[in-house]
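# Structural characterization, general
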Amino acid sequence: MVLWTFFRPEKNKLGLMLLKDKKKNPVVFGEVTLNDTPTGPRPLRFRVIRDGKDDLRRPEEVIELCRRSDRILISKGGNLKNQNKLVEMLAAFHLEADIVDVCRFCLLKKQFNFVNPKSISYHGERVCKECAEEELLRALRNTHCHYSEDAVQRMLEILAKTRDLDRTLGMLDPEELESDVTKYDVIQAKPEEKLVKTATLPVSKKLKGLLLKKSRTLLPVQSLAVEHGLFAGKNLLVTSATATGKTLIGEMAGVENCLKKKGKMLYLVPLVALANQKYDQFGKRYGKIGLQTSIRIGSTKIKTRKTQSMRKSLDSEIIVATYEGIDYLLRVGESDLLGQIGTVVIDEVHMLEDADRGHRLDGVISRLKYVAPTAQFIYLSATVGSPVKLAQKLDATLVEYEHRPVPIERHLIFSSQEKKLKIMARLIKEEYGKVSSKKHRGQTIVFTNSRRNCHRIAEGLPMQAGAYHAGLSLEKRRIIEKQFVSGKLPVVVTTAALAAGVDFPASQVIFESLAMGIDWITQQEFLQMLGRAGRPDFHDRGIVVLLASPEKSYSSEQAMTEDEVAVKLLKGQMEEMHVAYGEEEQTEEMLACAAVTSDLNDLRYMAKKFVADIDFNVAVPKLQKKKLIVKKGQNISLTRLGSIAARHFLSPAKAFLIKDAVTSDMEPLNIVSNLEFFDAAYFKFAPQISSALKINMPSRVFQGAALDIVFEAENLSALNETIQEQLYAFASDFLTCKCKENPFCGCAEKKFGERIIKWRVEGLEPEDIVRRLDSSYGISTYAGDVYGYLDNVIRSLDAIEMMARAFSKRKTASRAKQLKKSIEG
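Residues numbered from 1 in each chain as written. Predicted model: local features only at pLDDT ≥ 70, side-chain atom pairs only at ≥ 80, totals over all residues. Heavy atoms only, no water.

## Remarks on the overall build of the protein chain
Regarding its fold elements, the protein chain presents 32 helices and 29 strands. In summary, the protein chain has a C-alpha radius of gyration of 36 Å against a globular reference of 28 Å for 825 residues, an excess of more than 25%. Projected onto the principal axes, the alpha-carbon positions of the protein chain cover approximately 125 × 75 × 55 Å. Counting only carbon and sulfur atoms, one obtains 48% of the accessible surface of the protein chain, whose full area is about 36,700 Å². Once the 125 positive and 105 negative side-chain charges of the protein chain are each reduced to a mean point, those two points are 5 Å apart. (Helix = DSSP H or I, 4+ residues; strand = E, 2+ residues; numbered from the N terminus. Rg over C-alpha atoms; globule rule 2.2 N^0.38 Å. Areas by Shrake-Rupley, 256 points an atom, 1.4 Å probe, with all protein chains shown as cover. Lys, Arg positive; Asp, Glu negative; His and termini not counted. Charge placed at Lys NZ, Arg CZ, Asp CG, Glu CD.)

## Thoughts on the sheet that holds strand β7 (residues 98–100)
Note on sheets: strands pair through backbone hydrogen bonds, and any given pair is parallel or antiparallel. Read across the sheet, seven strands follow the order β5-β4-β3-β2-β1-β6-β7 without closing on themselves; strand pairing throughout is mixed. With partners counted over all chains shown, the strands left at the sheet margins are β5 (53–57) and β7, one partner each. Strand-to-strand, the axes of this sheet are offset by a mean angle of 30°, without reference to chain direction. In this structure, strand β2 (residues 14–20) lies alongside strand β3 (residues 28–37), joined through five bridges in antiparallel fashion. (Pairing = 2+ DSSP bridges. Axes fitted to C-alpha atoms, helices over the stretch in contact; angles between N-to-C directions.)

## So, unusual backbone geometry
The step from Asn742 to Pro743 runs through a cis peptide bond, and the omega angle for that step is 15°. Along the chain, the position of Pro743 falls in the loop between α28 (721–734) and α29 (747–761). A positive phi is found at Lys261, a non-glycine position, where the angle reads about 60°. Look at Lys261 and you get exposed, because its relative accessible area is 69%. Despite not being glycine, Glu348 shows a phi value in the positive range, around 55°. Within the fold, Glu348 resides in the loop between β15 (341–346) and α13 (358–371). (Buried < 20%, exposed > 50% of the residue type's maximum accessible area, 1.4 Å probe, protein only.)

## Quick look at helix α24 (residues 652–663)
Think of an α-helix as 3.6 residues a turn; residues three or four steps apart then line up on the same face. Over its 12 residues, α24 runs 17 Å from end to end, which matches the ideal 16 Å to within 8%, given 1.5 Å per residue. Among all positions in α24, only Pro652, Ala655, Ile658, Ala661 and Val662 are buried. Of the surrounding elements, those touching the buried residues of α24 are α20 (583–594), α23 (640–647), α25 (668–675) and α31 (783–806). Phi for Asp665, located one or two positions after α24, is positive at around 60°. (Expected span 1.5 Å × (residues − 1). Contact = heavy atoms within 4.5 Å.)

And the structure:
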C-alpha cells in the first residue's frame, strides 16, 4: 500500500488529503490549523470531515500521518505564508515535502490530480482532462442547444487535440473561431507522378496544338486514360475527384475522332445549366480548329430572345446535350439525323443512381450502344461507390485515380442557424483577401438547400454575392458565371442540386446546409460538392467548411440532426452503387427501346446493356397487354399509343390518363393543367403575414396551410393595404371553386397553371410572367422555373395532339396544336 499526504495551504488553514495507492479520491479529507510556538509552527487543530460531519482528532496525528506517508505533497499556488510555516514544521521533524502542481477544479470537488505542461490550459492555469471535459460539457449545456453524441465527441476530440479549453470553447463563438481548432482533417494531394508529355500524344496536329497551349504534360488521370487506350478506341469509365481533368479526357477522344472522320462527338450532361456552359466552352475552344458545336436540351421549342442565337442543328461535329435531349431523338425514331457517331461522353454517370432520372440515363446509354455500336464510350464521374462492378456492367475499362490535385482542408463548425451568416461573411472575406501562387484570389461557393435561401444568403452577406440556381434565366446565370471566373465575384450561393458539374473555380466551399430540399445529402453528393474546392490551375489548396446546427432538421421525418449528419459525412466512406428500377420504369424503358428497333432480338440486346437488371420476360408481355407494342414472331412495332408514350417520356399510366381525357372531349388547356402543376411559387410577404397574424405562414404557395390561411381570410385587415389587395386578388382568381375540399381540391393549382399559360399565349416572356405574378399577387418565382414549366406543357400538348389524332378527335387535336404554337412563340 502506498500512502501520500497532501496539503493545500490556504489563508488561515491547511487542507489535507490522505491518498491511498495514488487514487484521486482521498481516504481522509480534513483541515489543519497551525499555531506559532516557541519551538516553531505546530498543529493546533486537526479536523477530519466525513459525510458532512466534523471529527476532531488529536493535532499530533498530523505529524504521525506524515511520518507514515511514502510521500508528502504541497500544492503549488497556495497561500505562501502558510506554505512556509508548513515547510518549517516538517523540517523540525526531519520531514521533506514536494511542491506539486495539481488541478484546482479537482480540489474543489475534494479530489486530487496532478497537472503538468501537457495538461489542458484553461483561463491561464492547467486543469486535468476529466475536469476540462466536465467544463466543456457544462458549457455545451448552457448554450441551451442539444448537441448530438457525435458532436459532443467531436468537441472532446478537439479538446484532446488542442489541450486548450478556451480555444475549444471558442468554437461556440463566431468571433473566436480559429482554423487550427475547426480543422477536421486534410486530404493530401499526391506528388506528381510520371506524366505523359503532350508532344508525344498520337493525335492530329490541330488537337495537339490546342493541348500544347494548355500544358506540356497531361494531368495524372489524363495520363492514365491514355495508357489505358483512350486513343485506341477503348471504352473507359474514368473516376477521379473534381478538378483532376476528367472532362478533357472525353474531349480529347471525341475531338480526335471528329478530326479523323470517325464520327461526331455527343457530350451528354444531366443539367441544362451544365449543357449551356459546355456549349459555350466547346464552341470557343474547338471552333478555332474548324469544329462546330450544337446544343440539344430536351424537346425545347419555346422561342425567347435569349435562346434564338444558340446553334441547335444536328450537322455539327460536336453536340452537347442533356441526357433527355439526345434520348428524345432516339425515341422519335430520328437517330439517323445524328449521322455517324464516333464518341459518346457520359458526364456525371453516377446519376444512374438517381431515383427520378437514373432509369432514363441507363436507357439512353443502352439505346446509343445499339444505334452507334462502333462508337467509343467515355463515362466520367467523381463519385462511384463500386467502380469495378460498374465498369464491368458498362463494358468499359476502369481508369481510377483517387488522389486530389491540390490538398483540401476540411473544417467542422457547430453553429446556431442565426450565427451562420456572420461566420460565412468572415470566412468569405478572409478567403477573398488571399492570393494563390497562381495569382488568383480566393473565391467561395456556398451550398444551401433551397433557391429562396440562395437569395436570402446572397442578399444578407456584406459583400457582392451571386445567387445561382436552375430557376434563373440563362442570361443571369451566364452573367454570374463570367463574374466569378473573372475573379470579380467573391462568392456564389447555390443549391446542392447544382453541385454536379457547373464549373466555378472556387478555392473554398461552405456548406450552409447539409440538406437538398428537405432530405439530407448523401455521401456521394457530399463528396461531389466538396470536390468543387481547390483547382490546380488556380489554387494551392482547397478549403471545405461544414456549418452544422445542433437540433436542426428539415422535416419531422428526419431522425438525425444536422450536427450528427456533419460528423457522419466527414467520417463516411463511399456507399456501394445500387442501380435498380421498379416495374413501371422498366416498362417505360423497354417501350423507349422498342422505338429504335423492329426486331425482338435487338430489343433483348438493349435490355442486356442496361446497368440495372431488366426483366425482359416481364416487361415485353406487359407492353403487349397494354397494347403499347405489337409482336409478330420476331418482329415488334409500337402502336400509335405506344409511339406517343415513348416519344413524350410518358409512363404507361400517364399515357392512359391522357387517352381517357382526350376521348372524353376534355379541352386541351384543361388536360394539360391537370397534367402539369407549377409548384415553384412563393408568397413574397410570408414573413410579414406570419408576424402580423401571429401564425406560421408557409412561404410556398401550394404547401401546407398557406392556401387555408388565404382562403379563411381572417384578420387580413392587420396587414398593410398592398398585401391585403394582393391576397384578395389571389383568393378571387384561384380559390373560388365550389368543391367541398376547397382550397385543397387541386383547383387552385390548376387555375394557377392556366394563368401562366394564358399570359404566355398573350405574348409574355418568362421574365414578364415573373414580374406579373409579383405585382398582381405578391408571389415570387423564377424565370427558369416558368420556362421549364412551359416546356413541359408543350411536350404534354404535343402528346395530347397526337393522341387526339390517333383517336379521331380532330377538334381537340387542332386546339392542342394551336395552343402549343402560341406557347412556343
